[in-house]
Amino acid sequence: LAALASGHHRPGARSCATLATVDPAALRGTRLSLTNGSFAIRASTREGGAYCVVGPNGGGKSTLLRGVLRPLVESQGERVELVSFENHRAMLRDFRGKHAARVLGRRLSDAAKFLVVRFGLYLLLGRKVEHLSTGEIRKLMLVRALAERPRLLLLDNALDGLDA
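Residues numbered from 1 in each chain as written. Predicted model: local features only at pLDDT ≥ 70, side-chain atom pairs only at ≥ 80, totals over all residues. Heavy atoms only, no water.

Caption draft 1: Highlighting the overall build of the chain. When its secondary structure is counted, the chain shows 5 helices and 7 strands. If you list the helices and strands of the chain from N to C, you get β-β-β-β-β-α-β-α-α-α-α-β. Taken across its 164 residues, the chain has 37% of its residues classed as buried. Nonlocal contacts in the chain, meaning residues at least 24 apart in sequence, comprise 75% of its contacts between residues at least 6 apart. As presented, the chain carries roughly 9,700 Å² of accessible surface, and 49% of it is formed by carbon and sulfur atoms. (Helix = DSSP H or I, 4+ residues; strand = E, 2+ residues; numbered from the N terminus. Buried < 20%, exposed > 50% of the residue type's maximum accessible area, 1.4 Å probe, protein only. Contact = heavy atoms within 4.5 Å. Areas by Shrake-Rupley, 256 points an atom, 1.4 Å probe, with all protein chains shown as cover.)

In structure tokens form, the structure reads like this:
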């Protein structure tokens, strides 16, 4: 795990594969500082902070998010949402034969309605989940996660399959 960049890209750094959006109240009193050879993270939280964990495949980025940040925030009774490849597979399994609208719940919240329109998913809600493209499923996952207004949103390669 090479670096944790706060809101900016360092020259020569790899692209950001894993992103965490943090509400500082969720991590109040927490000081995250881990070092081990090439593994170095230093973070200070600020209002609406977004942090990018950058590193090679197998470097521990996902483990950090799932094993450290997620349990830390959940232990304080706060909501955490995760968008990842594993969640993508689980959605295909759990919602097989169901319409995409079902993924978002029986009744769409105002936030979900706004996001469905914003992400261009309105016409897809009547299609079955297994007939959606990888990018469409990722958008659906992002809408579902954002509509919940989580205290911590973990995006682990969440943009894979999305067109630029």
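On we go from here.
Caption draft 2: Structural view of the pairing of strand β7 (residues 152-156). Burial within β7 is extensive, with 5 of its 5 residues counted as buried. The side-chain alternation of β7 yields two buried faces, one formed by L152, L154 and D156 and the other by L153 and L155. Pairing of strand β6 (residues 80-83) with β7 involves 4 bridges; the strand directions are parallel. Each bridged residue has a counterpart across the sheet, and for V80 the counterpart in β7 is L152. (Pairing = 2+ DSSP bridges.)

Caption draft 3: Looking closely at helix α2 (residues 85-94). Of all the residues in α2, the buried ones are H88, A90 and M91. Along the long axis of α2, the arc covered by the buried residues comes to 165 degrees, so they all point the same way. Summarising the contacts, the buried residues of α2 are in contact with α3 (100-103) and α5 (134-147). (Arc of directions from axis to C-beta.)

Caption draft 4: Summary view of the pattern of salt bridges. Taken as a whole and assessed by the stated rule, the structure comprises 6 salt bridges. Of the charged contacts, one joins R79 and E148 as a salt bridge, the two residues approaching to 3.4 Å between their closest N and O atoms. With R79 in the loop between α1 (61-74) and β6 and E148 in the loop between α5 and β7, the pair connects residues that are 69 residues apart, well separated along the chain. Note on R79: relative accessible area 42%, which makes it partly exposed. Take E148: its relative accessible area is 39%, and that puts it in the partly exposed class. R93 serves as the salt-bridge partner of D94, at 3.0 Å between the closest nitrogen and oxygen. (Salt bridge = Lys/Arg side-chain N within 4 Å of Asp/Glu carboxyl O.)

Caption draft 5: Spotlight on the nonpolar core. Counting 24 residues, the largest nonpolar core has V83, M91 and L140 as the members making the most contacts within it. For this core, the elements supplying multiple residues, two or more each, are α3, α4 (110-118), α5 and β7. At 7 residues, the largest contribution of residues to this core is made by α5. Residue contacts for M91: discarding those within four places in its chain leaves R96, V103, V129, I137, L140, M141 and R144. Grouped together as the second largest cluster of nonpolar side chains are 7 residues, L65, L82, L152 and L154 included. (Core = buried A, V, L, I, M, F, W, Y, C linked by side-chain atoms within 4.5 Å.)

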